[in-house]
Protein chains: 2
Amino acid sequence: MTNIKEDAGRVEWRIRVDEKDGSSDQVLETEPGPANGFCRVFKCLVANKFSMRLLRFLKKAWHLGVDDPRKVFHCLKVGIALSVVSLFYYMRPLYDGVGGTAMWAVMTVVVVFENTVGATISKSLNRAIGTCLAGLLAVGIHWVASKSGNKLEPVIVEGSLFLLASAATFSRFVPAVKKKFDYGTVIFILTFSLVSVSGYRVEKLFDMAKQRLSTIIIGTSLCILTSMLVSPIWAGQELHCLIIKNMEKLATSLECCVAEYFDDGQKTTSAPVQNLQAYKCVLNSKATEESMANFAAWEPAHGSFNFQHPWKQYLKIAAAMRDCAYCIEALNSCISNKKQASKSMKKHLSDICLKVNSSSGSILRELAINLETFKKTSKMDISIEEMNNSVQEVKNYLKSLPGLVLTPTTSETKSSETAIMEPLLTTNTIPLVEVIPLVTFTSLLIEIPTRVEAIVDAVEELANKAKFKPAPDDKPKQNEQNNKTVSEQLNDEKTMKTLQSV
Amino acid sequence: MTNIKEDAGRVEWRIRVDEKDGSSDQVLETEPGPANGFCRVFKCLVANKFSMRLLRFLKKAWHLGVDDPRKVFHCLKVGIALSVVSLFYYMRPLYDGVGGTAMWAVMTVVVVFENTVGATISKSLNRAIGTCLAGLLAVGIHWVASKSGNKLEPVIVEGSLFLLASAATFSRFVPAVKKKFDYGTVIFILTFSLVSVSGYRVEKLFDMAKQRLSTIIIGTSLCILTSMLVSPIWAGQELHCLIIKNMEKLATSLECCVAEYFDDGQKTTSAPVQNLQAYKCVLNSKATEESMANFAAWEPAHGSFNFQHPWKQYLKIAAAMRDCAYCIEALNSCISNKKQASKSMKKHLSDICLKVNSSSGSILRELAINLETFKKTSKMDISIEEMNNSVQEVKNYLKSLPGLVLTPTTSETKSSETAIMEPLLTTNTIPLVEVIPLVTFTSLLIEIPTRVEAIVDAVEELANKAKFKPAPDDKPKQNEQNNKTVSEQLNDEKTMKTLQSV
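From a predicted model like this one, the values you see are computed outputs, not experimental measurements. (Residues numbered from 1 in each chain as written. Chains lettered and ligands numbered in written order. Predicted model: local features only at pLDDT ≥ 70, side-chain atom pairs only at ≥ 80, totals over all residues. Heavy atoms only, no water.)

Caption draft 1: View of the overall build of chain A. Looking only at helices and strands, chain A has 19 helices and seven strands in total. For chain A, buried positions account for 48% of its 502 residues. Across chain A, every contact between residues at least 6 apart in sequence was considered, and the portion connecting residues at least 24 apart equals 77%. Of the roughly 25400 Å² of accessible surface on chain A, a fraction of 61% belongs to carbon and sulfur atoms. (Helix = DSSP H or I, 4+ residues; strand = E, 2+ residues; numbered from the N terminus. Buried < 20%, exposed > 50% of the residue type's maximum accessible area, 1.4 Å probe, protein only. Contact = heavy atoms within 4.5 Å. Areas by Shrake-Rupley, 256 points an atom, 1.4 Å probe, with all protein chains shown as cover.)

This is the structure:
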């Protein structure tokens with residue numbers, strides 16, 4: 001705390017520094033005095049605010065680096081690649097070879113080097129191919145123009161520039177081009193305009209095109225090599241991990257949500273909000289997943305991923321997961337009504353609902369483990385059977401409840417209703433209003449297994465496409481299971497299905 | 001159909017052209033013969049496939065252009081801007097002024113010109129500021145390096161390049177920088193490395209920096225002017241329209257969904273799938289909205305939007321709309337169970353549920369109109385009241401239903417249950433299993449008005465922040481309404497709330 005009163009300068013101020021978050025909150029009470037004092041205060045204020053902001057920024061950046069050190073590595077990699085490329089300027093022999101266009105190598109490194117290998121390769125190839133195509137076309141048009149006389153030449157060059165630039169810009173709106181070749185199209189326009197326009201001045205067009213291409217190849221290969229060899233970040237790997245993490249978050253969210261609903265306040269600790277709302281990550285990661293899958297398609301084989309790994313299948317899994325997350329969203333919105341639900345019915349439902357919940361959750365976790373280890377397990381069928389059994393239990397319980405007795409007058413006169421309800425209430429009656437929230441919650445909950453099964457199907461399709469191996473521990477069990485239950489299992493499934501359809 | 005048999009060349013082929021979609025499906029049965037024939041077939045195949053693909057691509061592009069002619073205009077604008085900038089090369093006086101670096105102007109136009117004004121301005125400013133900062137810093141460091149002797153010079157230049165490039169690359173990971181200054185950071189690294197590295201060779205550093213800056217300013221101002229003056233596409237306007245369209249889609253989806261659920265098959269036409277699933281647009285447009293809002297913040301005042309229009313508020317409206325869409329998703333998943341619902345109860349519920357539905361839908365449509373006309377109407381309060389009244393009706397109906405009679409043995413022995421249920425079934429009883437789907441649907445439906453109210457609140461906040469004017473037709477009515485119901489309305493609202501909380 002600072003309290004300063006300057007009677008001479010007639011400046012009075014108080015500075016309150018909130019020690020909790022370090023932000024200062026200043027109250028200034030200035031009386032008319034020399035501008036000097038005011039200036040000092042103002043400067044102090046600005047400096048303080050600026051340094052606070054800077055500090056906060058640095059703090060955030062520090063946390064970013066600590067959370068994911070690979071980001072720091074990426075920055076060092078960019079620094080290394082740029083330093084290496086700038087050596088072209090310093091070492092005479094190299095400099096003489098590539099000439100003044102070494103600038104293009106520097107530029108390529110800066111523009112092309114991205115966080116993931118896939119993005120770097122995608123941009124590199126786009127840049128190289130765009131440059132080649134545009135260079136060839138520009139040289140061709142230049143040749144045609146040079147043959148058609150001095151007056152027609154600028155018309156042809158300008159006209160072709162206008163037409164090709166417009167057409168290429170338009171092609172960027174076509175989704176297929178936008179998705180994979182957006183950058184290449186920009187580079188196409190860029191190179192075409194540079195070459196075709198400067199062709200009017202520079203006579204050695206072929207030399208220039210050759211030089212530019214060679215420097216771009218140097219730049220791109222340097223980028224690709226650095227990004228692949230020095231602690232690489234693979235877009236495919238990132239996508240794979242993101243899907244696994246999101247699957248675990250879905251499981252956590254689901255488990256917490258149902259536990260929270262049936263928690264009657266006896267437990268001392270309730271689920272933290274971030275666990276309850278973990279499913280929101282699944283809802284919000286669509287754009288990231290799509291760009292990752294897009295970049296992953298450019299990557300060579302790495303780790304456990306082949307060159308033609310079915311990346312698009314991950315998007316299908318993600319879509320199935322989002323479907324499940326929508327359902328959890330609806331479940332979550334039921335939590336606010338949990339106190340209106342009938343306690344006696346809740347008690348009865350609690351155990352079987354938690355069973356559905358835990359079996360769905362454990363399937364999601366199992367799937368995540370399978371994905372993580374690139375294995376298929378036969379246990380999944382058993383788990384799904386368990387889940388469906390527990391769903392059936394809930395359905396049976398709901399079926400076992402007595403029906404509603406409706407008199408024809410129900411919705412017409414209220415007095416007659418209450419007259420009918422009076423005698424019922426004297427026995428062990430639960431008002432329907434108390435039943436509704438529970439029934440809603442339960443029927444949303446038994447929708448979850450259907451959606452979990454869709455996720456299982458999507459993951460199994462991935463496992464088939466990517467040829468995951470069966471888990472080693474499972475093999476004997478699987479056979480045993482197969483021997484025992486080839487017909488039994490079928491029967492079980494059939495009865496299960498008929499039971500469900502009833 | 002073509003059937004050709006060449007006995008001489010021993011080539012036999014059949015071509016089946018599927019006339020429906022125009023795709024050809026060729027079955028080749030080649031017998032050993034001269035390679036010539038095979039080649040011809042192969043060429044024909046490739047040419048056919050390629051031309052088919054090209055045709056399909058052109059068709060798609062044509063439709064894109066017809067659907068949104070502004071896209072075509074954008075392409076022409078890019079063509080115009082590039083042609084104008086390339087004049088620098090052709091006109092002597094200009095050429096002498098800006099020299100060989102006129103290339104930068106061309107490059108700036110290609111890279112900076114984006115579809116919307118906001119994106120163009122954002123990229124232009126990023127490019128200009130990034131270039132300035134990096135240029136100043138590079139010149140400063142070059143000056144320091146040149147003072148420190150021949151041996152130390154490359155060390156200082158290389159070291160500063162490595163450090164600054166790494167630091168700037170890292171700053172791109174900080175979300176705040178990523179969102180607004182990502183491109184500027186790239187340009188900063190690019191300019192810094194070009195200037196600092198070429199400074200070792202080129203003696204006239206200041207001249208180069210000045211030239212580059214002037215060409216960039218020429219390029220960016222050309223881009224900004226063209227994008228703003230020739231049929232501009234404003235990101236803000238686009239965001240505004242997107243939100244309005246999505247709101248209408250939400251209304252359509254909601255109305256179709258409820259109508260579909262209560263449709264007992266008597267109507268000949270059911271809602272088309274794209275109407276039912278229109279809400280998915282709302283779920284999927286998050287990324288677009290965010291980038292639009294980001295770009296809109298860079299735009300000057302245009303149309304009915306001020307410079308400091310509260311663009312972030314649109315994201316809040318969109319979030320509220322997504323919350324509502326999640327609920328519609330859950331409702332939609334109930335449609336598959338609609339046949340299991342009790343018909344007699346459905347009849348009773350149908351009218352009041354459709355009332356809730358139409359009132360929520362009309363509020364959404366009214367909001368869309370208000371947004372479109374930049375007006376606030378006082379009618380909204382009345383509509384909300386109506387909606388809440390209809391929700392209350394549904395709640396009252398549900399309350400009026402008799403309760404469930406539970407005997408303590410319910411969940412223990414099935415035989416006793418059936419014994420209890422037998423006598424009940426003889427009277428007018430609805431089994432609970434038939435009630436559950438309806439009750440679930442209804443309680444999801446009465447969740448919708450809460451979410452619609454959240455949208456109304458978000459839109460009202462926008463109307464206040466952006467100072468929307470009251471609708472001219474409403475003014476007298478509003479006063480009347482105010483005079484009449486200042487206290488009444490409050491009372492109504494209070495009773496409504498207490499009724500709801502019961």
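Caption draft 2: Molecular detail of the packing of aromatic side chains. Residue and element names in this part refer to chain B. Taken as a whole and assessed by the stated rule, the structure comprises 21 aromatic pairs over all chains. Here the aromatic rings of Phe262 and Phe441 are separated by 5.7 Å at their centres, their planes lie at 85°, and the arrangement is edge-to-face. Within this pair, whereas Phe262 is found in helix α9 (residues 235–262), its partner Phe441 is found in helix α17 (residues 432–445), the two being separated by 179 residues in sequence. On the basis of relative accessible area, Phe262 is assigned to the buried category, the value being 9%. For Phe441, a relative accessible area of 0% gives the class buried. (Phe/Tyr/Trp six-rings, centres within 6.5 Å; stacked < 30°, edge-to-face > 60°.)

Caption draft 3: A look at the relation of the copies chain A and chain B. Rotating chain A by 180° and translating it 0.0 Å along the rotation axis places it on chain B, where the RMSD comes to 0.1 Å. In the structure described here, the two chain copies are related by an operation that fits a two-fold rotation axis. Nearest to the rotation axis, the C-alpha of A:Thr440 is located 2.3 Å from it, this being the minimum over chain A. Take the interface residues of chain A: 99% of them recur as interface residues in chain B, which is what a same-surface contact looks like. (Least-squares fit on C-alpha atoms with pLDDT ≥ 70 in both.)

Caption draft 4: Fine view of the packing of helix α14 (residues 343–373) of chain B against α17(B). All names here are of chain B. Orientation of α14 relative to α17, taken along the N-to-C sense of each, is 10°, at an axis distance of 11 Å. Viewed along their axes, α14 and α17 adopt a mutual orientation that is roughly parallel. In contact with Met345, Lys346, Leu349, Cys353 and Val356 of α14, α17 contributes Val435, Leu438, Thr442 and Leu445. (Axes fitted to C-alpha atoms, helices over the stretch in contact; angles between N-to-C directions. Parallel < 35°, antiparallel > 145°, perpendicular 65-115°, else oblique.)

Caption draft 5: Region of interest: a positive patch on the surface. Together, A:Lys49, A:Arg53, A:Arg56 and A:Lys60 give the surface a local cluster of positive charge. Among the structural elements, A:Arg56 can be located in helix α1 (residues 35–67). (Patch = residues over 30% accessible without salt bridge, like charges linked within 9 Å, V, L, I, M, F, W, Y side chains within 5 Å. Salt bridge = Lys/Arg side-chain N within 4 Å of Asp/Glu carboxyl O. Lys, Arg positive; Asp, Glu negative; His and termini not counted. Charge placed at Lys NZ, Arg CZ, Asp CG, Glu CD.)

Caption draft 6: Just the nonpolar core, in detail. Membership of the largest hydrophobic core comes to 152 residues, with the highest contact counts inside it found for A:Met247, A:Leu250, A:Ile455, B:Met247, B:Leu250 and B:Ile455. Apart from residues lying up to four places away in sequence, A:Ile455 is in contact with A:Met247, A:Leu250, A:Ile317, A:Ala320, A:Met321, A:Cys324, A:Leu364 and A:Leu367. With 69 residues, the next largest nonpolar core counts A:Ala165, B:Val106, B:Met107 and B:Ile187 among its residues. (Core = buried A, V, L, I, M, F, W, Y, C linked by side-chain atoms within 4.5 Å.)

Caption draft 7: Main features of helix α13 (residues 311–334) of chain B. Taking 1.5 Å of rise per residue, the 24 residues of α13(B) would be expected to cover 34 Å, and the 36 Å separating its terminal C-alpha atoms lies within 8% of that figure. Burial runs high along α13(B): 19 of the 24 residues are buried. (Expected span 1.5 Å × (residues − 1).)

Caption draft 8: Looking closely at the UniProt feature "transmembrane region" (unreviewed entry) in chain A. Residues and elements named next belong to chain A. The feature "transmembrane region" (unreviewed entry), as annotated in UniProt, sits at residues 72–91, 97–113, 125–145, 183–202 and 214–235 in this numbering. Here residues 125–145 runs as 100% helix and 0% strand, with 30 Å between its end C-alpha atoms. Within residues 214–235, the helical portion is 77% and the strand portion 0%, while the C-alpha atoms at the span's ends are 28 Å from each other. (UniProt positions renumbered as here; feature names shortened; annotations may be inferred.)

Caption draft 9: Seen up close, the side chain of B:Thr440. Counting through the fold element by element, B:Thr440 comes out in helix α17. In this structure B:Thr440 comes out as buried when scored by relative accessible area, which is 4%. B:Thr440 has contacts with A:Val439, A:Thr440, A:Ser443 and B:Cys334, leaving out every residue within four places of it along the chain.

Caption draft 10: Molecular detail of the interface of chain A and chain B. At the junction of the two partners, chain A supplies 96 residues and chain B supplies 95 residues. Overall, the association of chain A and chain B removes approximately 9000 Å² of surface from exposure, summing both partners, and the carbon and sulfur fraction of that is 72%. Taking the shortest distance from any N to any O, the salt bridge between B:Arg451 and A:Glu329 comes out at 3.3 Å. Where chain A packs against chain B, one counts 11 residue pairs in polar contact (both at pLDDT 80 or more). In terms of residue count, the dominant contributor to the side of chain A that touches chain B is helix α2 (residues 69–90) of chain A (14 residues). Classifying every residue of the side of chain A that touches chain B gives 56 nonpolar, 25 polar and 15 charged. (Buried area = accessible area lost by both parts, 1.4 Å probe. Polar contact = N/O pair within 3.5 Å; in protein donor to acceptor, adjacent residues only side chain to side chain. Nonpolar A, V, L, I, M, F, W, Y, C, P; charged D, E, K, R; others polar.)

Caption draft 11: Inspection of a nonpolar patch on the surface at higher detail. On the surface, A:Val72, A:Phe73, A:Leu76, A:Ile80 and A:Val84 cluster together into a nonpolar patch covering about 370 Å² of accessible area. Structurally, the position occupied by A:Val84 is in helix α2.

Caption draft 12: Inspection of the confidence of the model for chain A at higher detail. Residue and element names in this part refer to chain A. When pLDDT is averaged along chain A, the result is 77; 76% of the residues meet or exceed 70. Note that pLDDT drops below 50 for residues 1–32; the model gives that stretch 40 contacts with residues more than four away or on any other chain. Confidence drops under pLDDT 50 across residues 407–426; counting only partners more than four residues distant or on other chains, this segment forms 19 contacts. (pLDDT = per-residue confidence, 0-100.)

Caption draft 13: Looking closely at the side chain of B:Ser193. The topology assignment puts B:Ser193 in helix α7 (residues 175–198). In this structure the side chain of B:Ser193 is engaged in a polar contact, spanning 2.5 Å, whose partner is the backbone oxygen of B:Ile189. There is a polar contact of 3.1 Å between the side chain of B:Ser193 and the backbone oxygen of B:Leu190. Beyond its immediate chain neighbours, meaning those up to four positions away, B:Ser193 contacts A:Leu82, A:Val106, A:Val110, B:Leu161 and B:Ser198.

Caption draft 14: Looking closely at unusual backbone geometry. You will see that A:Ser231, though not glycine, has its phi angle at about 30°, which is positive. For B:Phe374, which is not glycine, the phi dihedral falls at a positive 55°. Tracing the backbone through its elements, the reader meets B:Phe374 in the loop between α14 and β4 (375–376). Looking at B:Phe374, the relative accessible area reads 17%, which means it is buried.

Caption draft 15: Structural detail: the packing of helix α7 (residues 175–198) of chain A against helix α4 (residues 102–112) of chain B. Relative to each other, α7(A) and α4(B) sit at 155°, their axes nearing to 10 Å. Classified by the interaxial angle, the pair formed by α7(A) and α4(B) is roughly antiparallel. Where α7(A) crosses over α4(B), the two elements pack in a sense that is right-handed. Only B:Met103, B:Val106, B:Met107 and B:Val110 of α4(B) make contact with α7(A), whose side of the interface consists of A:Val186, A:Ile189, A:Leu190, A:Ser193 and A:Leu194. Its residues placed into classes, the contact of α7(A) with α4(B) shows eight nonpolar, one polar and no charged. (Left-handed = near helix turned anticlockwise from the far one by under 90°.)

Caption draft 16: Local environment of helix α18 (residues 448–465) of chain B. All names here are of chain B. Taking 1.5 Å of rise per residue, 18 residues should cover 26 Å, and α18 covers 26 Å from first to last C-alpha, within 8% of that figure. When we look at burial in α18, the residues that qualify are Ile448, Pro449, Arg451, Val452, Ile455, Val456, Ala458, Val459, Leu462 and Ala463. At the C-terminal side of α18, Lys467 shows a positive phi close to 55°.

Caption draft 17: Highlighting the environment of B:Glu385. In this structure, B:Glu385 sits in helix α15 (residues 379–400). For the pair B:Glu385 and B:His142, spaced 243 residues apart in the sequence, the C-alpha separation amounts to 71 Å.

Caption draft 18: Focus on the state of the cysteines. Tallied over the entire structure, the rule returns zero disulfides over all chains. A:Cys132 carries a free sulfur, and the closest cysteine sulfur to it, the one in A:Cys223, is 17 Å from it. There is no disulfide at B:Cys353, and the cysteine sulfur nearest it, in B:Cys257, is 11 Å away. Its relative accessible area of 0% is what places B:Cys353 among the buried residues. (Disulfide = S-S within 2.5 Å.)

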